[in-house]
Amino acid sequence: MHTVTDPGSMSAWADAARARGARIGFVPTMGFLHAGHVSLMERLRPEVDALVVSIFVNPLQFGPNEDLARYPRNPEGDARACESAGVDVLLTMESGAGGAFYPPGFSTSVAVGGLTDRLCGASRPGHFDGVTTVVARLLNVTRCDVACFGEKDWQQLAVVRRMVRDLAMPVEILGAPLVRDADGLALSSRNAYLDVDARSRALSLHRALFAMASLASHGTTDVGHVLDAGRSLLDVDRVDYLELVDPDSLEPIEVLDRPARALVAAFVGPTRLIDNLAVEPG
Ligand code: AMP
């Protein structure tokens, strides 16, 4: 595995690979890698000649009171995980002052309208602009043909797909299923913040979602009833949102008479967690 620490070296490597006819696959991450990240690498590995993973804690997508400064890090473990997943190039960059990703005077922002107004976009102003700006630049820097994103971040995947479609970016976007721990908790780098008690309360997120899916599969079509049932199971300090939405438009649905997505964001102590699940009517 080749490690590069600046965008120029990354692009030079990618240009050489493309000149040889290589198809390049790309997985962007913020590091502290777990089995969810590795599943994205495994999803792409058989489909591409060269697999690139980036590790960059992107300051643009963090709000002023969020966890940028204390975001968990594990550079050695991350490199080992990438090596065993068959990664060809690890692009790893510091996010602080002197970080090499954004050029001096960088002043461009990529913003997707509409889809970003609700859900995580409503509670994290500017977050998705930070995501689409970094992803657009990373897709260009890595010259990738295909990039893979996790369904764990359902809204992010929808927003990235929309950006790529709207701007006719020459890249294919693949989604990969959400990976859970044995106890059902959606794997997340932020789970590192949870102590034993917080972790057991965090399990209420997926319990609520599975209970909602079960009600729907048994024939309940009343959205209010299903949301109330889910909300009653959440053992958290603050619910940011719990919604049943159209899987593509992310608009709230009125009646559960077609496939939907249940999405939740909630705080356990200071830690904000998200989860989501397919909800199919019975
Ligand atoms: P992050 O490092 O949190 O920015 O995530 C990098 C990529 O990994 C994103 O596309 C996430 O959606 C994906 N990802 C994170 N956690 C999971 C998970 N539990 N299952 C599947 N994909 C995940």
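Residues numbered from 1 in each chain as written. Predicted model: local features only at pLDDT ≥ 70, side-chain atom pairs only at ≥ 80, totals over all residues. Heavy atoms only, no water.

Peer 1: Got a minute to help me understand empty space enclosed by the protein in this structure?
Peer 2: Under the definition given, this model contains one cavity of 30 Å³ or more. Here the largest cavity defines a volume of roughly 70 Å³. Around the largest cavity, the lining residues are Lys-152, Gly-184, Leu-185, Ala-186, Ser-188, Asn-191, Ala-202, Leu-205, His-206, Leu-273, Ile-274 and Asp-275. Classifying every residue of the lining of the largest cavity by side-chain character gives six nonpolar, four polar and two charged. (1 Å grid on protein atoms, 1.4 Å probe; cavity = no way out; pocket = protein on both sides within 12 Å on 5 of 7 lines; lining within 4 Å. Points joined across faces, edges and corners; volume = space filled by probe spheres on them. Nonpolar A, V, L, I, M, F, W, Y, C, P; charged D, E, K, R; others polar.)

Peer 1: What exactly am I supposed to notice about the site of the ligand here?
Peer 2: Lining the immediate surroundings of the ligand are 16 residues, of which His-37, Gly-150, Asp-153, Val-179 and Leu-187 lie closest. A distance of 2.8 Å separates a nitrogen atom of the ligand from a polar backbone atom of Val-179. Within the contact set of the ligand, a nitrogen atom lies 2.8 Å away from a backbone nitrogen or oxygen of Leu-187. In isolation the ligand has 480 Å² of accessible area, and contact with the protein removes 92% of it. For the shell around the ligand, the elements supplying multiple residues, two or more each, are strand 2 (24–29), helix 2 (35–44) and strand 5 (146–150). Residue contributions to the shell around the ligand peak at three residues, all from helix 2. (Near = heavy atom within 4 Å. Polar contact = N/O pair within 3.5 Å; in protein donor to acceptor, adjacent residues only side chain to side chain. Areas by Shrake-Rupley, 256 points an atom, 1.4 Å probe, with all protein chains shown as cover. Helix = DSSP H or I, 4+ residues; strand = E, 2+ residues; numbered from the N terminus.)

Peer 1: Sorry if this is basic, but what is going on with the nonpolar core here?
Peer 2: For soluble globular proteins, the rule of thumb is that nonpolar side chains tend to be buried together. In this structure, Leu-139 and Met-163 are the most contacted members of the largest nonpolar core, which totals 47 residues. Among the elements that line this core, the one with the most residues is helix 5 (residues 127–142), at eight residues. Not counting residues within four places of it along the chain, the set of residues in contact with Leu-139 comprises Phe-26, Cys-144, Ala-147, Met-163, Val-164, Met-169 and Val-171. Judged by nonpolar contacts, the second largest core, of 28 residues, contains Leu-256, Ala-260, Ala-266 and Leu-273. (Core = buried A, V, L, I, M, F, W, Y, C linked by side-chain atoms within 4.5 Å. Buried < 20%, exposed > 50% of the residue type's maximum accessible area, 1.4 Å probe, protein only. Contact = heavy atoms within 4.5 Å.)

Peer 1: Can you walk me through the side chain of Ser-95 in this structure?
Peer 2: One can find Ser-95 in the loop between strand 4 (89–92) and helix 4 (120–123). One polar contact links the side chain of Ser-95 to the main-chain carbonyl oxygen of Val-57, over a distance of 3.3 Å. Contacts of Ser-95, omitting those with residues within four sequence positions, involve Phe-56, Val-57, Pro-59, Leu-68 and Arg-73.

Peer 1: I would appreciate a short explanation of the packing of helix 5 against helix 6 (residues 154–166) in the present structure.
Peer 2: For any two helices packed against each other, the geometry comes down to the angle between their axes and how far apart the axes lie. Interaxial distance between helix 5 and helix 6 falls to 10 Å at its minimum, and their mutual angle equals 55°. Of the possible angle classes, the one that applies to helix 5 and helix 6 is oblique. You can see that helix 5 and helix 6 cross each other, and the crossing is right-handed. When helix 5 is examined against helix 6, the residues Phe-128, Val-131, Thr-132, Val-135, Ala-136 and Leu-139 are found in contact with a partner set consisting of Gln-155, Gln-156, Val-159, Val-160, Met-163 and Val-164. Counted by class, the contact of helix 5 with helix 6 contains nine nonpolar, three polar and no charged residues. (Axes fitted to C-alpha atoms, helices over the stretch in contact; angles between N-to-C directions. Parallel < 35°, antiparallel > 145°, perpendicular 65-115°, else oblique. Left-handed = near helix turned anticlockwise from the far one by under 90°.)

Peer 1: What should I look at first to understand the pairing of strand 5 in this one?
Peer 2: Side-chain direction in a regular strand flips from residue to residue, so the side chains alternate between the two faces of the sheet. Among the five residues that make up strand 5, five are buried, leaving the element largely enclosed by the rest of the structure. Along strand 5, one buried face is formed by Val-146, Cys-148 and Gly-150 and the opposite face, lined by Ala-147 and Phe-149, is buried too. The pairing of strand 2 with strand 5 spans two bridges and is parallel. Following the sheet pairing, Gly-25 is matched in strand 5 by Val-146. Bridge analysis of strand 5 against strand 6 (residues 172–176) gives five bridges, and the strand direction is parallel. Across the sheet, the residue bridging to Cys-148 is Leu-174, located in strand 6. (Pairing = 2+ DSSP bridges.)

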